[in-house]
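# Report on the structure
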Amino acid sequence: MAAPMNTCKHLIGTLTRIRKPKPINVCFIRKYKTGELKKFYKNASIVQNQGWFEVNLDQRKLRTPTGNLFQVPSEPLALAIATEWNSQKETIKRQAMHLTTLSNTVLDNPMQRSRGDIVRGVLHFLETDTILYRSTEPQEFLELQKQEWDPVLKWFRSSYQVELDSTTSLMPPEIPEKTEEVITRRVNSLNDWALVGFQYGVENLKSIILMLAITDKRLTVEKAVQLARLETLYQTKIWGNVQWHHDVDIYQLQSRVAAAALFVHWCSNDMATTHKTTYSNQT
């Protein structure tokens, strides 16, 4: 197990920089929802149980904020989550544990949303997609948008055999019916776990096209984040950086999007065991 754990620790660097196990006290877990929690364990490890992969903190089973048993559908994801917990120092910084948070969201479904709710939320970004809205001034920025965004939009049209045009208006671009149908099928092809990760990536990038480019291995996370923040990067070039603030924003966004991409990959049907979730039961 040591070698895989070391491999996962390297991956998680992008994201953060036989007694019967006893369940962790639910009230204790709920407490950490409101802020940082002092580290209360020495080691996180994983164990397989009936097709699921659980995370143990020392000899205690990890649970979600609402008290559900914490279990994920793939071993690589479980190893990465254990690495998140092992990477904590004196205090547990929940805000940097994106894979744990995404898993908790699937397991608890705190907003009681159905698959349909999530799919509709993702598809909303099709008509508000970052790379579809173009500024006409200054001319230099217009040319930069064409140079950086047009190749991705061209790939999107060709790869999915759809029509979609950019706009310089404040009004949403027209989405052809066929385009919406094709992308709806693509999003619906994701299982419940991968869908939550995909939504997280789309919301952070404010672009379904860029997130598809990542999951289809057309763009790296770093390049997608650069394209999503193109206007900010251009303004920074013109007016200068604000101390190290912009760099921190970029690294944090890269961390969140990288987590989303890994979550989708590790939860995809060819990587994970298929299990029903609360999303499957919602109508």
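The text that follows walks through the structure, step by step, so that each part is easy to find. All figures in this text were calculated on a predicted structure; none of them were measured in a lab.

## Here's the deal with unusual backbone geometry
Residues glutamate 137 and proline 138 are joined by a peptide bond in cis, for which omega reads -10 degrees. By secondary structure assignment, the location of proline 138 is in the loop between helix H5 (115-124) and helix H6 (139-160). Positive phi values are uncommon outside glycine, yet glutamine 161 reaches one of about 55 degrees. Relative to the assigned elements, glutamine 161 resides in the loop between H6 and helix H7 (177-188). Despite not being glycine, lysine 217 shows a phi value in the positive range, around 65 degrees. Here lysine 217 shows up in the loop between helix H9 (208-215) and helix H10 (221-228).

## Quick word on the pairing of strand S3 (residues 44-49)
When S3 meets strand S4 (residues 52-57), the two strands line up antiparallel, connected through 6 bridges. Following the sheet pairing, serine 45 is matched in S4 by asparagine 56. Connecting the antiparallel pair S3 and S4 is a turn made up of 2 residues, with glutamine 50 showing a positive phi of about 55 degrees.

## A few points about the nonpolar core
With 81 residues, the main nonpolar core has Phe156, Ile183, Phe198 and Ile208 as its most contacted residues. Here this core gets 12 residues from one element, more than from any other, and that element is helix H12 (residues 245-267). In contact with isoleucine 208, not counting residues within four places along its chain, are Val122, Phe125, Leu126, Asp129, Ile183, Val187, Phe198 and Val202.

## Section: H10
Every buried residue of H10 is listed here: Val221, Ala224, Val225, Leu227 and Ala228. The arc that holds the buried residues of H10, viewed along the axis, is 160 degrees, so those residues lie on one side.

## Focus: helix H8 (residues 192-205)
Here H8 contains 14 residues, and its C-alpha end-to-end distance of 20 Å stays within 8% of the 20 Å for a straight helix at 1.5 Å per residue. Among the residues of H8, those classed as buried are Asp192, Trp193, Ala194, Leu195, Val196, Gly197, Phe198, Gln199, Gly201, Val202, Asn204 and Leu205. Between the side-chain oxygen of the N-cap and the backbone nitrogen of tryptophan 193 there are 3.1 Å, and the N-cap of H8 in question is asparagine 191.

## Structural notes on the packing of aromatic side chains
The relation between two aromatic rings is expressed through the spacing of the ring centres and the mutual angle of the planes. With the rule as written, the count across this model stands at 7 aromatic pairs. For the pair phenylalanine 40 and tyrosine 41, a centre-to-centre distance of 5.2 Å together with 75 degrees between the ring planes defines the contact as edge-to-face. Residue tyrosine 41 is classed as buried on the basis of its relative accessible area, which comes to 4%. A centroid spacing of 6.1 Å and a plane angle of 55 degrees characterise the contact between tryptophan 52 and tryptophan 193, whose relative ring orientation is tilted. Of this pair, tryptophan 52 sits in strand S4 while tryptophan 193 is found in helix H8, placing the two residues 141 residues apart along the sequence. As far as the burial class goes, tryptophan 52 and tryptophan 193 line up, both buried.

## Brief notes about the environment of valine 47
One can find valine 47 in strand S3. The class of valine 47 is partly exposed, set by a relative accessible area of 33%. Separated by 32 residues in sequence, valine 47 and leucine 79 have C-alpha atoms that sit 9.7 Å apart. If near-sequence neighbours (up to four positions away) are discounted, valine 47 is found in contact with Trp52, Phe53, Glu54 and Asn56.

## Section: the pairing of S4
In the case of a regular strand, side chains alternate between the two sheet surfaces. Within S4, 6 of the 6 residues are buried, which leaves the element mostly enclosed by the surrounding structure. Residues Trp52, Glu54 and Asn56 point to one face of S4 and Phe53, Val55 and Leu57 to the other, with burial holding for every one of them. Sheet topology places S4 next to strand S6 (residues 71-72); 2 bridges connect them, and they run antiparallel. When the sheet's bridge partners are listed, glutamate 54 is paired in S6 with glutamine 71. With antiparallel pairing between neighbouring strands as the criterion, S4 and strand S5 (residues 60-61) make up a hairpin whose turn holds 2 residues, including aspartate 58 at a positive phi of roughly 60 degrees.

The rules behind each value
Residues numbered from 1 in each chain as written. Predicted model: local features only at pLDDT ≥ 70, side-chain atom pairs only at ≥ 80, totals over all residues. Heavy atoms only, no water. Helix = DSSP H or I, 4+ residues; strand = E, 2+ residues; numbered from the N terminus. Pairing = 2+ DSSP bridges. Core = buried A, V, L, I, M, F, W, Y, C linked by side-chain atoms within 4.5 Å. Buried < 20%, exposed > 50% of the residue type's maximum accessible area, 1.4 Å probe, protein only. Contact = heavy atoms within 4.5 Å. Arc of directions from axis to C-beta. Expected span 1.5 Å × (residues − 1). Polar contact = N/O pair within 3.5 Å; in protein donor to acceptor, adjacent residues only side chain to side chain. Phe/Tyr/Trp six-rings, centres within 6.5 Å; stacked < 30°, edge-to-face > 60°.

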